[in-house]
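Fold and geometry: a report
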Amino acid sequence: MARENDDYGHDLGNDFTEEDSPTYGGDRWAEGGFGRDTEDDRDPDDDTDRAADPDDDANDGDEADDGTDPADGEDRSDIAAQGGDDRDAPAADAQEAVIAAVLDEIRGSGDPDVVPAQSTVAGYAEFLAVDAALDRRWPESVMEPSLERMQALCDALGDPQRGYPIVHLTGTNGKTSTSRMVDALLTEIGLRTGRYTSPHLQRATERINLDNRPVTPERYVAAYREVEPLVELVDAKRGDAPALSKFEVLTGMAFAAFSDAPVEAAVIEVGLGGRWDATNIADAHVAVVLPVGLDHAEYLGDDITDIAREKAGIIKEGSVAVLAAQDRKVAEILLERCAEVGAQVAREGAEFGVVEREVAVGGQRLELQGLSGRYDEIFLPLHGEHQASNAAVALAAAEALVGAGTAQPLDPDAVRAAFASVRSPGRLEPVEGGPDRPTVLLDAAHNPAGAQALAGALGTEFRFTRLVGVIGVLEGKDARGILEGLQPALHEVVVTTNSSPRAMDPDTLGALAAEVFGSERVSVEPSLAEAVEQAREIAEEAGGSGVGVVVTGSVVTVGEARALFGKEPE
């Protein structure tokens with residue numbers, strides 16, 4: 001069949017060859033599979049990781065997002081408009097009207113720090129103040145191997161994490177995309193869900209989701225106010241030990257918000273590692289281990305088997321372990337952990353997996369083998385073979401949580417509807433493109449495995465005649481490995497930076513890029529906005545269709561690029 005391209009440069013042809021049908025429940029499949037000898041490329045999600053439709057930033061629950069402070073029962077949603085005193089009300093009303101009018105004008109400007117449409121000015125200001133207070137705590141980029149602080153906080157909260165079944169996900173790449181898929185599946189079959197992911201792309205509310213939607217800023221503040229006095233109590237008793245970290249407080253907020261909702265199931269993403277991660281205070285009913293690779297070596301070790309042992313820590317007694325295809329050494333460690341704690345095992349390539357995959361406009365069509373049967377005619381609006389594998393893992397995790405079996409599989413129509421609804425911002429996300437302008441894609445690849453997965457997907461699912469990369473990386477990351485992973489897919493690169501204090505100096509990154517790409521293929525532009533514009537111009541020099549730009553290298557870089565293109569947090 002002749003190949004055609006759509007406006008975004010997608011390859012509409014189908015060279016996917018159907019493999020021999022796998023044997024359900026036993027034999028390894030011909031390619032890939034659990035415990036293979038080489039490591040698959042996977043979704044470039046963040047391992048500290050991270051973020052529904054752009055209009056879905058509001059939570060449609062009816063319990064606590066009405067501006068009520070649970071501590072005092074006062075409705076604060078219109079305090080700014082009231083002015084606190086009747087004599088001052090006219091002046092306060094006028095000032096509020098002016099502020100609101102200005103914010104309405106700039107709301108569509110791409111600035112991420114404007115009031116969301118569903119929030120009040122006062123409510124959003126309080127959210128920003130809470131976020132600033134959290135930022136003054138121990139940062140998320142460091143880890144101390146202890147669950148004592150988190151256990152103390154959960155004890156004080158009444159162990160909210162024990163009030164609902166949990167799907168717990170770890171792995172080096174793919175956690176956020178897979179979390180979103182599990183959430184969509186559980187929502188579609190009728191469960192009320194909570195989802196906790198990290199870090200966020202644009203706004204902290206992305207981290208705590210109810211009913212598959214981010215909470216409002218007001219509800220985020222309510223969750224903080226609920227845990228705040230108990231956080232202070234735990235901190236006061238710490239002695240010489242560290243205070244609760246930002247991530248620990250956020251995790252407590254999520255657990256409490258899910259309990260208050262209440263949810264019927266929670267999807268929880270590990271922040272860093274597994275065994276000592278704050279989320280591991282919860283005992284998962286289903287423990288998902290996505291592909292394990294090298295990342296965060298300063299905390300997890302520089303040996304893949306050491307990292308695997310850390311991540312295996314989320315597999316608990318009596319749980320079901322859903323294991324993505326892994327390097328053989330990693331597979332052995334995970335299976336040892338399952339045997340040690342008596343966990344049931346479901347392996348990609350054995351008990352579940354991708355039967356068939358076909359590139360389609362805006363995503364891919366899949367046939368998946370689940371734990372309870374096969375599901376065909378699935379449309380997944382995400383790109384890349386790694387996302388197909390993530391879908392298979394998500395399906396198995398959802399089936400395991402609800403106890404679906406061959407006698408009672410999930411409703412196929414519900415499965416199709418759930419996958420068709422999935423969005424994963426910042427994962428090969430198109431934000432601009434057309435016949436007369438370059439396609440612009442955003443992808444949060446931030447380690448070598450993620451970069452390789454991105455390069456692979458760009459090569460198989462898009463047909464670019466010239467593709468220019470805009471790359472900004474954080475210090476401490478394997479920048480050379482990221483550049484080498486991207487090199488086969490990019491014709492030229494514009495090296496840049498982002499607003500993070502951990503951002504790598506662009507000149508340093510540029511010198512490294514010159515070693516990998518050759519100096520003639522590398523430009524340095526410290527301003528992200530200018531770097532994107534320069535990349536557009538370089539791409540357009542090729543003329544005609546099939547030219548594009550991909551912004552990548554860091555979650556922070558991609559989050560700021562989303563704001564540049566006027567994308568709302570999701």
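Placed above this text is the structure.
So, here's what we can say about the structure.

For the rest of this paragraph, the subject is unusual backbone geometry. Glycine aside, a negative phi is what most residues show, and trans is what most peptide bonds show. The residue after Ser198, namely Pro199, is reached through a cis peptide bond having omega -15°. Position of Pro199 among the secondary structure elements: in the loop between β2 (193-196) and β3 (208-210). Following Ala261, the chain continues to Pro262 via a peptide bond in cis, the omega torsion being -15°. Despite not being glycine, Asp211 shows a phi value in the positive range, around 55°. Mapped onto the fold, Asp211 is located in the loop between β3 and β4 (213-214). Given a relative accessible area of 21%, Asp211 falls into the partly exposed group. Notably, Glu377 is not glycine yet its phi reads approximately 55°, a positive angle.

Taken in spatial order, the 6 strands of this open sheet run β12-β13-β17-β14-β15-β16, and their pairing is mixed. Both edges of this open sheet fall to β12 (429-434) and β16 (522-524), since each of them pairs with a single strand only. Geometrically, the sheet is characterised by an average inter-axis angle of 15° between neighbouring strands, direction not taken into account. Sheet analysis places strand β15 (residues 492-495) next to β16, joined by 3 bridges and oriented parallel.

Right, let's get into the sheet that holds β3. Strand order in the open sheet made by the 8 strands is β4-β3-β2-β5-β1-β6-β7-β8, with mixed pairing throughout. The sheet terminates laterally at β4 and β8 (344-347), the two strands that pair on one side only. Two strands pair when backbone bridges link them, and strand β6 (residues 286-289) and strand β7 (residues 320-323) are joined in this way by 4 bridges, in the parallel orientation. Across the sheet, Val288 pairs through a bridge with Val322, a residue of β7. Contacting β6, β7 and β8, helix α10 (residues 328-341) crosses the sheet at an angle of about 170° to β7.

The next thing to look at is the pattern of salt bridges. Counted under the stated rule, the structure contains 29 salt bridges. The residue Arg562 makes a salt bridge to Glu429 at a minimum N-O spacing of 2.8 Å. Residue Arg562 is found in helix α17 (residues 555-564), and its partner Glu429 is found in strand β12; the two are separated by 133 residues along the sequence. One exposure class covers both Arg562 and Glu429, and it is buried. Where Arg480 meets Glu484, a salt bridge forms, and the shortest distance between an N and an O atom there is 4.0 Å. Here Glu484 and Arg480 lie together in helix α14 (residues 479-486), a separation of 4 residues that amounts to about one turn.

With their axes 9 Å apart at the nearest point, helix α6 (residues 217-236) and helix α7 (residues 246-260) run at an angle of 115° to one another. As summarised for this structure, α6 and α7 are arranged roughly perpendicular, according to the angle between their axes. Read as a crossing pair, α6 and α7 show a hand that is right-handed. Across from Tyr220, Ala223, Tyr224, Glu226, Val227 and Val231 in α6, the residues of α7 making contact are Val249, Leu250, Gly252, Met253, Ala256, Ala257 and Asp260. Residues of the contact of α6 with α7, tallied by class, amount to 10 nonpolar, 1 polar and 2 charged.

With that settled, the discussion passes to helix α13 (residues 448-461). Given a rise of 1.5 Å per residue, 14 residues ought to cover 20 Å, and the 20 Å separating the end C-alpha atoms of α13 matches this to within 8%. Counting buried residues in α13 gives 10 out of 14 residues, a clear majority hidden from the surface. The complete set of buried residues in α13 reads Pro448, Ala449, Gly450, Ala451, Ala453, Leu454, Ala455, Ala457, Leu458 and Glu461.

So, on to the pairing of strand β17 (residues 547-552). Burial of β17 is extensive: 6 of the 6 residues sit out of reach of the surface. Burial of the side chains of β17 extends over both faces: Val547, Val549 and Val551 are buried on one face and Gly548, Val550 and Thr552 on the other. Note that strand β13 (residues 437-442) and β17 share 4 bridges and pair parallel. Bridging from a neighbouring strand, Leu442 pairs with Val551 of β17. As judged from the 6 bridges shared by strand β14 (residues 466-471) and β17, these two strands associate in the parallel manner. When the bridges of β17 are listed, Leu467 appears paired with Gly548.

When the terminal C-alpha atoms of α6 are compared, their 28 Å separation across 20 residues agrees well with the 28 Å that a helix rising 1.5 Å per residue should span. Of all the bends in α6, the greatest, near 40°, is centred on Val227, and the proline Pro229 appears no more than four residues after it. Taken together, the buried positions of α6 are Pro217, Glu218, Arg219, Tyr220, Val221, Ala222, Ala223, Tyr224, Val227, Val231, Val234 and Asp235. Looking at the buried positions of α6, the neighbouring elements they touch are α3 (121-135), α4 (148-157), β3 and α7.

Two elements in contact, helix α5 (residues 175-188) and helix α11 (residues 385-402), have axes separated by 8 Å at closest approach and are oriented at 45°. Between α5 and α11, the angle falls in the class oblique. Crossing geometry of α5 relative to α11 is assigned as right-handed. Here α5 contributes Ser177, Thr178, Met181, Val182, Leu185 and Leu186 to the contact with α11, which in turn contributes Gln387, Asn390, Ala391, Val393, Ala394, Leu395, Ala397, Ala398, Leu401 and Val402.

Definitions and cut-offs
- Residues numbered from 1 in each chain as written.
- Predicted model: local features only at pLDDT ≥ 70, side-chain atom pairs only at ≥ 80, totals over all residues.
- Heavy atoms only, no water.
- Helix = DSSP H or I, 4+ residues; strand = E, 2+ residues; numbered from the N terminus.
- Buried < 20%, exposed > 50% of the residue type's maximum accessible area, 1.4 Å probe, protein only.
- Pairing = 2+ DSSP bridges.
- Axes fitted to C-alpha atoms, helices over the stretch in contact; angles between N-to-C directions.
- Contact = heavy atoms within 4.5 Å.
- Salt bridge = Lys/Arg side-chain N within 4 Å of Asp/Glu carboxyl O.
- Parallel < 35°, antiparallel > 145°, perpendicular 65-115°, else oblique.
- Left-handed = near helix turned anticlockwise from the far one by under 90°.
- Nonpolar A, V, L, I, M, F, W, Y, C, P; charged D, E, K, R; others polar.
- Expected span 1.5 Å × (residues − 1).
- Bend = angle between axes of the 7 residues up to and from the residue.

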